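Examination of the molecular architecture
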Number of protein chains: 2
Amino acid sequence: MPTLDQQTIDRITKRGVAQIIPEDEFIRRLQEGRPLRLKMGFDPSRPDLHLGHVVGLRKLRQLQDLGHELILIVGDWTAQIGDPSGASETRTMLSAEDVRENAETYMRQFFKVMDPNRTRAVYQSEWFGKFTLSDVIRLTSHFTVNQFLHRDDFAQRYAGQRPIAVTEMLYPLLQAYDSVAIEADVEFGGTDQLFNLLVGRELQEKVGQRPQLVFTMPILPGTDGVRKMSKSLDNYIAIEDTPRDMFGKIMSLPDDLIPVYFELLTDVPDDELDAIRAAMGPTSPSANPASSVIPAKAGISSLNPMDLKKRLGEELTAVFHSPGAATAAREEFERVFQRRETPEDIPEVAVGPTSPAVVSRDADGFDADLSHLLPALNLAASRSEARRLLQQNAVQIDGERPDGERVRVPYGALVRVGSRRFARVVRG
Amino acid sequence: MPTLDQQTIDRITKRGVAQIIPEDEFIRRLQEGRPLRLKMGFDPSRPDLHLGHVVGLRKLRQLQDLGHELILIVGDWTAQIGDPSGASETRTMLSAEDVRENAETYMRQFFKVMDPNRTRAVYQSEWFGKFTLSDVIRLTSHFTVNQFLHRDDFAQRYAGQRPIAVTEMLYPLLQAYDSVAIEADVEFGGTDQLFNLLVGRELQEKVGQRPQLVFTMPILPGTDGVRKMSKSLDNYIAIEDTPRDMFGKIMSLPDDLIPVYFELLTDVPDDELDAIRAAMGPTSPSANPASSVIPAKAGISSLNPMDLKKRLGEELTAVFHSPGAATAAREEFERVFQRRETPEDIPEVAVGPTSPAVVSRDADGFDADLSHLLPALNLAASRSEARRLLQQNAVQIDGERPDGERVRVPYGALVRVGSRRFARVVRG
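Since we're looking at a predicted model, the values are computed, not measured.

The rules we used
Residues numbered from 1 in each chain as written. Chains lettered and ligands numbered in written order. Predicted model: local features only at pLDDT ≥ 70, side-chain atom pairs only at ≥ 80, totals over all residues. Heavy atoms only, no water. Helix = DSSP H or I, 4+ residues; strand = E, 2+ residues; numbered from the N terminus. Buried < 20%, exposed > 50% of the residue type's maximum accessible area, 1.4 Å probe, protein only. Contact = heavy atoms within 4.5 Å. Areas by Shrake-Rupley, 256 points an atom, 1.4 Å probe, with all protein chains shown as cover. Lys, Arg positive; Asp, Glu negative; His and termini not counted. Charge placed at Lys NZ, Arg CZ, Asp CG, Glu CD. Least-squares fit on C-alpha atoms with pLDDT ≥ 70 in both. Salt bridge = Lys/Arg side-chain N within 4 Å of Asp/Glu carboxyl O. Buried area = accessible area lost by both parts, 1.4 Å probe. Polar contact = N/O pair within 3.5 Å; in protein donor to acceptor, adjacent residues only side chain to side chain. Expected span 1.5 Å × (residues − 1). Axes fitted to C-alpha atoms, helices over the stretch in contact; angles between N-to-C directions. Parallel < 35°, antiparallel > 145°, perpendicular 65-115°, else oblique. Phe/Tyr/Trp six-rings, centres within 6.5 Å; stacked < 30°, edge-to-face > 60°. Lys NZ or Arg CZ within 6 Å of the ring centre and 35° of its normal. pLDDT = per-residue confidence, 0-100. Core = buried A, V, L, I, M, F, W, Y, C linked by side-chain atoms within 4.5 Å. Pairing = 2+ DSSP bridges.

So, the overall build of chain A
Across its full length, chain A holds 19 helices and 13 strands. With respect to the three principal axes, the spread of C-alpha positions in chain A is 85 × 55 × 45 Å. Counting the 428 residues in chain A, one finds 51% classified as buried. The long-range share in chain A, meaning contacts at least 24 apart out of those at least 6 apart in sequence, stands at 68%. When the accessible surface of chain A is split by element, carbon and sulfur atoms take 47% of a total near 19,500 Å². Each charge sign in chain A was given a centre, from 52 positive and 62 negative side chains, and these centres are 1 Å apart.

Here it is in structure tokens:
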């Protein structure tokens, strides 16, 4: 394994890190140069990865590249319970079939970031499939209800008299036992996992193993800029989003997320990161243009938020798709949303003679009733919404704004609502 | 099964009962005349029965005599955890050997009260031996930590920041599962078991069984008159105590326990019980002699506390030993403690020529050094205690109090210290 210079150690232990417990021992063990067994869990009831997950995977990948091994725990048992840090419902068991399919889905996404040659996936079934009541009694005897009820989410729920199933006390214990089963050296998780990771450390110590180190990473805010990125909050960027969606969602981020996304999701050098932070910082970049405050640096073409987001979007899209797809996504974005051109893949909708939108027609086009046409093109939900859009002057046909519901529409016309919704009318 | 008259129903549901949940359903099911499956648990780490246990056994025996079947649960699994209502330590597993031996000890005592033909003993191992983690998860999912922490003892410990092992949450659940495993109709326990019994009722309902009825019995106060009778508090009367000890402990009871012992441990008729209660009641019997307050009834020879305790002692000793042993125990008690006579089985201690107690001797006796003799007879712990006893004038030799350490002691002499400790000196 390579010897580590201070720069590498800093990159691993300072950037994109919430807490390392204990940090000095972690650095010492990195420097020892023996492969560490890195543990990360995966919930097979949630196989889709988003950028929130990528934060941790990037950190693990750095360590894989230094020769350490990742043990990925497929949580087919904990998935039954559901992490009480999230929803509070006890879930039903996934079938073995579901677990295998979901694990495949997960791996396909996972290996876009991770090194398969330094990854070993193990199923909890290996040990929990043969767990007896004696094992459960032994495991539960090491921990107290008091200590568990001090965990933030439990404490809040208990204080609020919201139910906590006895089963939920088992969740941290099973996760902790995973560490014993694989003799983990370091366990990784978001800051919301800190309690569970420490339970693993404590259990290993109690059963006579060397206690695992605990490595937590910051939680990535979702596209709403407020809450944790999460599929259930619908504020996520999936790593299987299309290039256009991925790029577009990044362009729609609140500006103040730009530095944290650069920090946690890219390898942009620290000095550039500092410049980005300063530009997006408490001084609003629109009030004081960044270029006048921050000196231009080599490699930083612009500190304008729009340009930074394009760069971020293109960089991430390139990782999860390809540089070509990323460039195309950027170019299409610029065409549609910036130069107000039309996107390339506008849906073509055939309008036939019996459509209520067609008042009368000839070879080149038809007299249209727009209150019917907009819903038929999927540009309005109803006739009343169509009328509202017309009153708001939000509708264009080939660039012209109609002044009533009845207008001539030539076949091939581009109908546009607002700045982002389009359809092309073809003869049906 | 016999039809039940109101008197029988009252005897079962009113006397020696704390709570029946729900009482009307219990009476209805008794009257249906189908054998009920009565459940009671036994902790094989505590095989010795005392009168506190007998309270419940007597109630169960009444029901056996009506044709109902007792299922005795040998708690070889719950014994590992220990009922958190008692000590808070998680215990170590008993070996299968220990469990079997303790179960034998228990049964030997148990069948002094119970009918073996209507008793079936089952080990929890039958179901918990093959319990999987899935079973544990399913079981724990039915109950909440919140509800368990409302149980009195947990609530107190939690409020007092005293540790509650996660394992202890399993105790009521395993006990509840026993009810499911045997499809119990009624579970019995002391009032301190109410919570656990209700968990069983709730679990049966949740898994689709007819929920068991719950029958609690009052807790018998120990010989200190204050706390629950318990081996660990050393305030118990074991059912394997010798006739003399059993009788003697009952004679030493505080007077105000007399009515409750008669109520819970004997079949004394209700009207006599009322008379006893009135005699021992708030009006002190010594200040207002009972005979002047309570009219004499047929069968009640005396309401003097000493006489009542003798009757209680003789009756209970007769149950656990024999009427003859009971009478002998009473007669010996009267001889020793009341007429200040000597008991019949005084230890005989041989004193040989080389004993430091013997200053010089002849055929009939010896000149004794009492500071050596009393320890040699096990009547004092040391020479200094012996001297203290002599100074306190607490020593008699054949009824005479010696006026120094040096006295003549004939062989066959009875040496007595205080009112209760004796030894007979023989030539050695």
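Let's talk about the relation of the copies chain A and chain B
For the pair chain A and chain B, the best superposition has an RMSD of 0.5 Å and corresponds to a rotation of 180° with a translation of 0.1 Å parallel to the axis. Here the transformation between the copies is reduced to the relation of a two-fold axis. Residue A:T132 of chain A places its C-alpha closer to the rotation axis than any other residue of that unit, at 2.6 Å. Taken together, the interface assignments show that 100% of the residues at the interface of chain A recur at the interface of chain B, consistent with an identical surface on both copies.

Quick look at the pattern of salt bridges
A full pass over the atoms with the stated rule returns 60 salt bridges over all chains. Close ionic contact of B:R330 with B:E314 constitutes a salt bridge, the shortest N to O distance being 2.5 Å. Separated by 16 residues along the polypeptide, B:R330 in helix α17 (residues 323-338) and B:E314 in helix α16 (residues 305-320) bring together distant segments of the chain. Of the charged contacts, one joins B:R408 and B:D362 as a salt bridge, the two residues approaching to 2.9 Å between their closest N and O atoms. Here B:R408 is found in strand β11 (residues 406-410), whereas its partner B:D362 is found in the loop between β8 (358-361) and β9 (365-369), with 46 residues between them in sequence. Its relative accessible area of 35% is what places B:D362 among the partly exposed residues. A cluster of three or more residues bridged by salt bridges with shared partners is formed by A:K310, A:E314, A:R330 and A:E334.

Observations regarding the interface of chain A and chain B
Taken together, the contacts link 31 residues of chain A with 31 residues of chain B. Together, the buried faces of chain A and chain B total about 2,700 Å²; carbon and sulfur atoms form 73% of this surface. At the surface where chain A touches chain B, the tally comes to zero salt bridges. One can count twelve residue pairs in polar contact (both at pLDDT 80 or more) joining chain A with chain B.

Notes on the environment of B:A368
Residue and element names in this part refer to chain B. With respect to the secondary-structure elements, A368 resides in strand β9. For A368 and V358, which are ten residues apart along the polypeptide, the C-alpha to C-alpha distance reads 5.0 Å. With near-sequence residues (within four places) excluded, A368 lies in contact with A357, V359, L373, E405, R406, V407 and V409.

Some remarks on helix α5 (residues 96-110) of chain B
Between its first and last C-alpha, α5(B) extends 20 Å over 15 residues, near the 21 Å set by a 1.5 Å rise per residue. Listed in full, the buried residues belonging to α5(B) are B:V99, B:N102, B:A103, B:T105, B:Y106, B:M107, B:Q109 and B:F110.

A few points about the packing of helix α7 (residues 133-140) of chain A against helix α10 (residues 166-182) of chain B
Between two packed helices, the angle of one axis relative to the other and the distance separating the axes together describe the packing. Direction vectors running N to C along α7(A) and α10(B) enclose 140°, while the axes themselves pass 7 Å from each other. Classified by the interaxial angle, the pair formed by α7(A) and α10(B) is oblique. Here α7(A) contributes A:L133, A:V136, A:I137 and A:T140 to the contact with α10(B), which in turn contributes B:V166, B:T167, B:L170 and B:L174.

Examining the packing of aromatic side chains
Here the structure, examined in full by the defined rule, presents 27 aromatic pairs over all chains. A centroid spacing of 5.3 Å and a plane angle of 25° characterise the contact between B:Y106 and B:F110, whose relative ring orientation is stacked. Here the residue B:Y106 and the residue B:F110 both occupy positions in helix α5, the gap between them amounting to four residues, near one helical turn. Given a relative accessible area of 4%, B:Y106 falls into the buried group. A relative accessible area of 0% places B:F110 in the buried class. What links up through ring pairs into an aromatic cluster is the set A:F42, A:Y106, A:F110 and A:F111. When the ring centre of A:F154 is taken as reference, the NZ or CZ atom of A:R151 above it lies at 4.4 Å. The positively charged end of B:K206 is found above the aromatic ring belonging to B:F143, 5.0 Å away from the centroid.

Re the confidence of the model for chain A
Caution applies to low-pLDDT parts of the model: their predicted coordinates are not meant to be read in detail. All names here are of chain A. For chain A, mean pLDDT is 87; residues scoring 70 or higher make up 90% of the total. Taking the mean pLDDT of every element in chain A, the minimum, 39, falls on helix α15 (residues 290-293) and the maximum, 96, on strand β6 (residues 213-217). Note that residues 85-89 has pLDDT below 50 and, in this model, eight contacts with residues that lie over four places away or in other chains. Every residue in residues 283-299 scores below 50 in pLDDT, and together they form 16 contacts with partners more than four places removed in sequence or on other chains. Reported for the predicted complex are a pTM of 0.72 and an ipTM of 0.71.

Here we look at the nonpolar core
By size, the foremost hydrophobic cluster in this structure holds 61 residues, and its most contacted members are B:L133 and B:F148. In this structure B:L133 touches A:W77, A:F128, A:F131, A:V136 and A:L174, once residues within four positions along its chain are discounted.

A word on unusual backbone geometry
Cis geometry marks the peptide bond from A:I21 to A:P22, where omega comes out at -15°. Mapping A:P22 onto the fold places it in the loop between β1 (19-21) and α2 (23-32). Look at B:D234: it is not a glycine, yet its phi comes out positive at around 55°. Note on placement: B:D234 falls in the loop between β6 (213-217) and α12 (243-251). At B:N378, a position not held by glycine, the phi torsion is positive, near 70°. In this structure, B:N378 sits in the loop between α18 (370-376) and α19 (383-391). A residue is classified by how much of its surface remains accessible, and B:N378, at 62% relative accessible area, is exposed.

Regarding the side chain of A:N146
Topologically, A:N146 is positioned in helix α8 (residues 145-148). Owing to a relative accessible area of 10%, A:N146 belongs among the buried residues under this scheme. Sequence-distant contacts of A:N146, defined by excluding residues within four places in its chain, comprise B:Y158, B:Q161, B:R162, B:P163 and B:I164.

Things to note about the sheet that holds strand β5 (residues 186-190) of chain B
Residue and element names in this part refer to chain B. Read across the open sheet, the six strands follow the order β1-β6-β5-β2-β3-β4; overall the sheet is mixed. Sheet topology places β1 (19-21) and β4 (119-123) at the edges, where each strand pairs with a single neighbour. Averaged over neighbouring strand pairs, the angle between their axes works out to 25° when direction is ignored. Pairing analysis gives two bridges linking strand β2 (residues 37-42) to β5, with the strands arranged parallel. Looking at the pairing, L38 lines up with V186 of β5. In this fold helix α11 (residues 194-206) packs onto β1, β5 and β6, with an angle of close to 170° to the strand it touches most, β6.

Regarding the sheet that holds strand β12 (residues 414-417) of chain B
By way of backbone hydrogen bonds, the strands of a sheet pair with one another, either parallel or antiparallel. Residues and elements named next belong to chain B. The strand order across the open sheet formed by four strands is β7-β13-β12-β10, and the pairing between neighbours is mixed. Of all the strands in the sheet, just β7 (348-351) and β10 (395-397) have a single pairing partner and so form its edges. Here the average twist between neighbouring strands, direction ignored, is 25°. Bridge count between β7 and strand β13 (residues 421-427): four bridges; the pairing is parallel. Of the residues in β13, the one forming a bridge with A350 is V426.

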